Amino acid sequence: MGSPLLTQEFSVNLFRPAALAIALAGALSLGGYAPPAQAASAPAVNIPYESFTLPNGLRVIVHTDHKAPIVAVNVWYHVGSKDEPAGRTGFAHLFEHLMFNGSENAPGEYFTPFTASGATDMNGTTNSDRTNYFENVPTTALDMALWMESDRMGHLLGAIDQKTLDEQRGVVQNEKRQGENQPYGQVWDELGRQLYPAGHPYHHSTIGSMNDLNAASLDDVKTWFRTWYGPNNAVLVLAGDIDLATAREKVAKYFGDIPATPTMAQPQVAVAAHTADSRSTMTDAVPQARIYRAWNVAQYGQPDLDRLDLFARVLAGGKSSRLAKRLMHDSQLVDNVSAMVSSSQLGSNFIITASVKQGGDEARVEAIINEELQRLLRDGPTADELDRARTGVEAAWVRGVERIGGFGGKADVLAECTIYTGNPGCYRDSLATLAAATPESVRATANTWLGAGKGSHTLVVNPGPRVPIAEEPTVTPAPFVVPKPDPRYTTLPSTVDRKAGPPMPTRFPDLIFPNQQHATLSNGTRVILAERHDVPVVQMSYGFRAGQSSDPTGRPGLASFTMGMLDEGAGDLDALAFADRADALGAKLGAGAGLDGSSVYLSALKQNLDASVALFADMLRRPRFDQADIDRVRGQWIAGIRQEQANPSRVAQRVLPELLYGAGHPYAAPRTGTGTEASINAITRADLQRWHDGTLRPEGATIVVVGDTTLAEIMPVLERQFGDWKPAGAAATATAIPQAAALPKPRVFLIDKPGAVQANIFAAELLPPSTDPKSTEYDMANMVIGGDFTARLNMNLREDKHWSYGSGSGAGAALGQRMWTASAPVQIDKTGESVAEMRREITDYANGTRPATDAEVASMKRVMTLTLPGEYETASSVMNTIASNVLYGRPDDYVFRRTAEIQAMTPAAVNAAARSLDPSHMTWLIVGDLKRIEAPVRALNIGEVTVLDADGKPVPPKP
């Protein structure tokens, strides 16, 4: 259920250890080299744990963290696509889906009891090496979660029939189409084939081939389950509001009677290092060429990978990296460049990626990449470069382990270490390797894996028609042979009445939202503080009441562009020096413009708080707006617009607003905030300065601070940096948001994406503003039709018809009318039928033919309220909620008031709100291969059909 991000992976959790993911995988670069600055080590953060093993072989890891009344439940099975024999590719990922379809004693949707209990962060993923399932549940729902996880581990096969297999096979195949339909969506399949020889466990993709998925029989998948999904091949991590004694009792009760499966040998490590360079090319419907250069390197758990991570950051891992300087600042040949390590059990990949400017010199880009690589291999990083890279990794680690569960949280760290190394604390080894790394050790390691005699593969993706990668020849699989169960393991007597169903909680934790303390700076800015002392990090957001809707006529994108320029140099530091200073402090800074508001953001290590806030203040008060940086960022920005136009979901965000609000409306610009090529090309430095001076002003602004500080500590820091702030010039006039007229009749718009294997369907109309007294009722009405996995649209198009990987709906927040959108990416041969089903679902709901039932409203009430204790686990979620309350004029206790409003809501009120979803005013936008979607859509006769280009302009009919 994860999405494909890297070769061999169908999971967001790609790196080792999980919570180091962001830190260790050099992010897309936006800058270059800067003068050295002294790096300061991040504070040490540990994850204490205890462990035990049941007689049946299930290993259990327990981490206690009582900050929130929730427990992360994380089950990892040591099986992935590497374990699939020839002719049975995709089985591990297919089975991940099957295990979400109910078990023998809990038939139906697996999500149902979790939804009723307030679970959050619930998902499952598969990669080349393992399959995992995870959820955060209220402490009172832990018995239910353990019952459910144990039931699908020990009592699944009776729930899998041919109908279930066919349904989930269809969903998986649409997930495959959805991935391939994205720009550069076939890259990782191609790299897997090129980097690993036929027969290597990583040669084929995790999602598998269509032929193998089609050939999967019921007996095949059941045998696959009997082979791999036993307690002795799994690790269970419980993290959060739990102790060891409770874990022992509950895990033994629910899992102890499950028999062990065969003990399956793991494949031998096979790095498959190349001795010579190779290359391949492909074309895709993309706006610019992209270069990938990849090496096979050491396997998971090896200290060399940690040193390669540091090497990647120095080479192309951030604004002060070497390739960023050469390719983005000096020559301006690329729009972005990155280097990263993707680690796996049998061998890992070191990957450099560069997006060449449209019409740019690919050969020159490749030459510079090689020049800088060879220079770094020869000389190694400087001490300053290494210190900055190390601080960045360690700071990201501190931030990452704030969460107990979900992708990359503490439960993931412990599970991943246990599965791959047998040591839940292996992350400590990685941190120790990072701390001990020297310029020479990093240089030597890089030469071992990337130096002379170590071949790489270069893949270049050029703009052109999308040519599907041909499936490899079908292989007749050998019969499955299941080894005998391992006799070393025994079971405990069962004390659980499975026939009674899962033990549902009868009480739930109270919603806890931190107290907010208020103060005011000398410059007139309000300060709101919520203390959180679980990690030594302080986050703050300086918010202003103007955003994308304040863009002047003819300048869409100005607000976002201006905010994006704030960290491109400030005060005495140019763009490169500014980035270097942030890296040295371990600080994360950023700025952005929303629809109605803008904010500047800082996440600072507490030990470097004063210096980080000083840099933050320079960024906000004294941005340089150097012309050379404006021109450089302008080129990257326009490349980003073209990438949006190549992406079906993003092009819809660009086109739909003007269709609904009408040209000239403040909300009519692309919802991405990026504007148009013409407007970005026309922006001047004076425009940026004028918008900054007129909009980013202390009076009327609010700083929200959340983290490891107190009002007595933070106010003097803020006062020193902002108290004397007196902006230049007059304040900008507030933008009025007029009411957009309802459309007199439905309309249909089509955008052609030749070669697309899916159609992306969008249905949209306008709802009242977020400040409307009935806003929560509209939100609940949306939940029933498309706001949850169990909502009507998804249950129809994914679970019933399996034409889509997922369908849903929602309306963003706004001070003016909100844009409600229902969307579904569907297999292209079901475009007409899918539009008809979406229209029927919306119509029947809105006109009362099929109103929201008591059960649906009760279920969605639970989703919207019982999840809240888990939703506010992180400082950033608290900060964003407070900032939203400020923007929309809500009181401090709004989360409690809204919860009470939801709990009191009746089906009658929900159905009254649903009448606002009026199909007679609806706008449909469908993005896909025109020659395959136009005829079936026109045949539906639901409105006038117009063909648009990627800019939303009508395409004249062909003569």
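Relevant structure appears above.
Right, let's walk through the structure included here. (Residues numbered from 1 in each chain as written. Predicted model: local features only at pLDDT ≥ 70, side-chain atom pairs only at ≥ 80, totals over all residues. Heavy atoms only, no water.)

Considerations on helix α28 (residues 854-866)
- For α28, which comprises 13 residues, the first-to-last C-alpha distance of 18 Å matches the rise-based estimate of 18 Å (1.5 Å per residue) to within 8%.
- Looking only at α28, the buried set comprises Val-857, Ser-859, Met-860, Lys-861, Val-863, Met-864, Thr-865 and Leu-866.
- The inward-facing, buried residues of α28 contact α3 (111-117), β8 (131-138), α25 (775-786), α29 (868-871), α31 (894-903) and α32 (907-914). (Helix = DSSP H or I, 4+ residues; strand = E, 2+ residues; numbered from the N terminus. Expected span 1.5 Å × (residues − 1). Buried < 20%, exposed > 50% of the residue type's maximum accessible area, 1.4 Å probe, protein only. Contact = heavy atoms within 4.5 Å.)

So, the pattern of salt bridges
- Tallied over the full model, the rule gives 56 salt bridges.
- Where Arg-375 meets Glu-372, a salt bridge forms, and the shortest distance between an N and an O atom there is 2.6 Å. Of this pair, Arg-375 and Glu-372 both sit in helix α12 (residues 362-379), separated by three residues, roughly a single helical turn.
- Its relative accessible area of 32% is what places Arg-375 among the partly exposed residues.
- Residue Glu-372 is classed as buried on the basis of its relative accessible area of 5%. (Salt bridge = Lys/Arg side-chain N within 4 Å of Asp/Glu carboxyl O.)

Structural notes on the sheet that holds strand β10 (residues 278-284)
- The five strands lie next to each other as β10-β14-β11-β13-β12, forming an open sheet whose pairing is mixed. Edge positions in the sheet fall to β10 and β12 (334-342), since each has one partner strand and no second. Put simply, the sheet's adjacent strands are angled 15 degrees from each other on average, direction ignored.
- Here β10 runs beside strand β14 (residues 457-463); their pairing, made up of seven bridges, is parallel. Within β14, the position partnered with Thr-281 by the bridge is Val-460.
- Set on the sheet, helix α6 (residues 187-195) makes contact with β10, β11 (290-297), β13 (348-356) and β14; between it and β14 the angle comes to about 150 degrees. (Pairing = 2+ DSSP bridges. Axes fitted to C-alpha atoms, helices over the stretch in contact; angles between N-to-C directions.)

What about the packing of helix α10 (residues 303-316) against helix α16 (residues 439-450)?
- Packing of α10 against α16 brings their axes to within 9 Å, and their N-to-C directions diverge by 100 degrees. Judged by the inter-axis angle, α10 sits roughly perpendicular to α16. For the pair α10 and α16, contact is made by Asp-304, Arg-307, Leu-308, Leu-310 and Phe-311 and by Ser-441, Val-442, Thr-445, Ala-446, Trp-449 and Leu-450, respectively.
- Classifying every residue of the contact of α10 with α16 by side-chain character gives seven nonpolar, two polar and two charged. (Parallel < 35°, antiparallel > 145°, perpendicular 65-115°, else oblique. Nonpolar A, V, L, I, M, F, W, Y, C, P; charged D, E, K, R; others polar.)

Observations concerning the side chain of Ser-209
- For Ser-209, the position within the fold is in the loop between α6 and α7 (210-215).
- Residues within four places of Ser-209 in sequence aside, it is in contact with Thr-89 and Glu-471.

Section: the sheet that holds strand β26 (residues 944-948)
- The six strands lie next to each other as β23-β24-β22-β25-β21-β26, forming an open sheet whose pairing is mixed. Because the sheet does not close on itself, it has two edges, and the strands there are β23 (808-811) and β26. Each strand of the sheet is rotated relative to its neighbour by a mean of 20 degrees, with strand direction disregarded.
- Where strand β21 (residues 747-752) and strand β25 (residues 923-928) come together, six bridges link them in parallel fashion. From the neighbouring strand, Val-748 faces β25, where its bridge partner is Trp-924.
- In the packing of helix α33 (residues 930-940) onto the sheet, the strands contacted are β21, β22 (758-767), β25 and β26, and the crossing angle to β21 comes to about 170 degrees.

Side note on the environment of Asn-123
- Considering the arrangement of structural elements, one finds Asn-123 in strand β7 (residues 120-127).
- Expressed as a C-alpha distance, the spacing of Asn-123 and Phe-407, which sit 284 residues apart in the sequence, is 9.1 Å.

A short note on the packing of α10 against α12
- Their axes nearest at 11 Å, the elements α10 and α12 cross at an angle of 130 degrees. Classed by the angle they form, the pair α10 and α12 counts as oblique. The element α10 and its partner α12 pack so that their crossing is right-handed. Here α10 contributes Phe-311, Val-314 and Leu-315 to the contact with α12, which in turn contributes Glu-372, Leu-373, Leu-376 and Leu-377.
- Split into classes, the residues belonging to the contact of α10 with α12 amount to six nonpolar, no polar and one charged. (Left-handed = near helix turned anticlockwise from the far one by under 90°.)

What about the pairing of β12?
- Burial analysis of β12 places nine of its nine residues in the buried class, the great majority of the element.
- Where β12 and β13 come together, eight bridges link them in antiparallel fashion. Its bridge partner being in β13, Ser-338 is matched across the sheet by Thr-353.
- In sequence, β12 turns back onto β13 through a hairpin of five residues, with Gly-347 there showing a positive phi of about 155 degrees.

Focus on the state of the cysteines
- Overall, the coordinates contain one disulfide when judged by the stated rule.
- Across a sulfur-sulfur distance of 2.1 Å, Cys-417 and Cys-426 are joined as a disulfide pair. What sets the handedness of the Cys-417 and Cys-426 disulfide is the S-S torsion sign, and at about -80 degrees it is left-handed.
- The exposure class assigned to Cys-426 is buried, which follows from its relative accessible area of 8%. (Disulfide = S-S within 2.5 Å.)

Details of the side chain of Asp-596
- Among the structural elements, Asp-596 can be located in the loop between β18 (588-593) and β19 (598-605).
- No salt bridge is formed by the buried Asp-596. Its closest oppositely charged neighbour is Arg-671, at 8.1 Å.
- One polar contact links Asp-596 to Tyr-667, side chain to side chain, over a distance of 2.8 Å. (Lys, Arg positive; Asp, Glu negative; His and termini not counted. Polar contact = N/O pair within 3.5 Å; in protein donor to acceptor, adjacent residues only side chain to side chain.)

Let's talk about the nonpolar core
- The biggest cluster of nonpolar side chains holds 72 residues, and the ones touching the most others in it are Phe-311, Leu-315, Phe-350 and Leu-450.
- Per-element accounting of this core gives the leading share, eight residues, to α10.
- Among the nonpolar cores identified, the runner-up in size contains 59 residues, and Val-75, Met-99, Phe-111 and Leu-146 belong to it. (Core = buried A, V, L, I, M, F, W, Y, C linked by side-chain atoms within 4.5 Å.)

Some remarks on unusual backbone geometry
- Even without a glycine there, the phi angle at Asp-121 is positive, about 50 degrees.
- Structurally, the position occupied by Asp-121 is in strand β7.
- Assessed through its relative accessible area of 39%, Asp-121 is described here as partly exposed.
- One non-glycine residue, Asn-941, adopts positive backbone phi at about 55 degrees.

A look at the packing of aromatic side chains
- What the rule picks out here adds up to 28 aromatic pairs.
- Each ring, one from Tyr-77 and one from Tyr-133, has its centre 6.1 Å from the other, and the planes form 80 degrees; the classification is edge-to-face. Of this pair, Tyr-77 sits in strand β4 (residues 70-77) while Tyr-133 sits in strand β8, and the two are 56 residues apart along the sequence. Here Tyr-77 matches Tyr-133 in class, with each residue buried.
- Here the aromatic cluster, defined as three or more aromatic residues joined through ring pairs, consists of Tyr-77, Phe-95, Phe-100, Tyr-110, Phe-111, Phe-114, Tyr-133, Phe-225, Tyr-229 and Phe-789. (Phe/Tyr/Trp six-rings, centres within 6.5 Å; stacked < 30°, edge-to-face > 60°.)

What to know about helix α26 (residues 792-800)
- Buried residues dominate α26, accounting for seven of its nine residues.
- Regarding α26, the residues found buried are Arg-792, Leu-793, Asn-794, Asn-796, Leu-797, Arg-798 and Glu-799.
- Just downstream of α26 lies His-802, where phi reads positive at about 45 degrees.

Some points on the environment of Asp-892
- The topology assignment puts Asp-892 in the loop between α30 (875-887) and α31.
- Between the C-alpha atoms of Asp-892 and Pro-514, which are 378 residues apart in sequence, the distance is 9.9 Å.
- Apart from residues no more than four positions distant in its own chain, Asp-892 is found in contact with Gln-516 and His-518.

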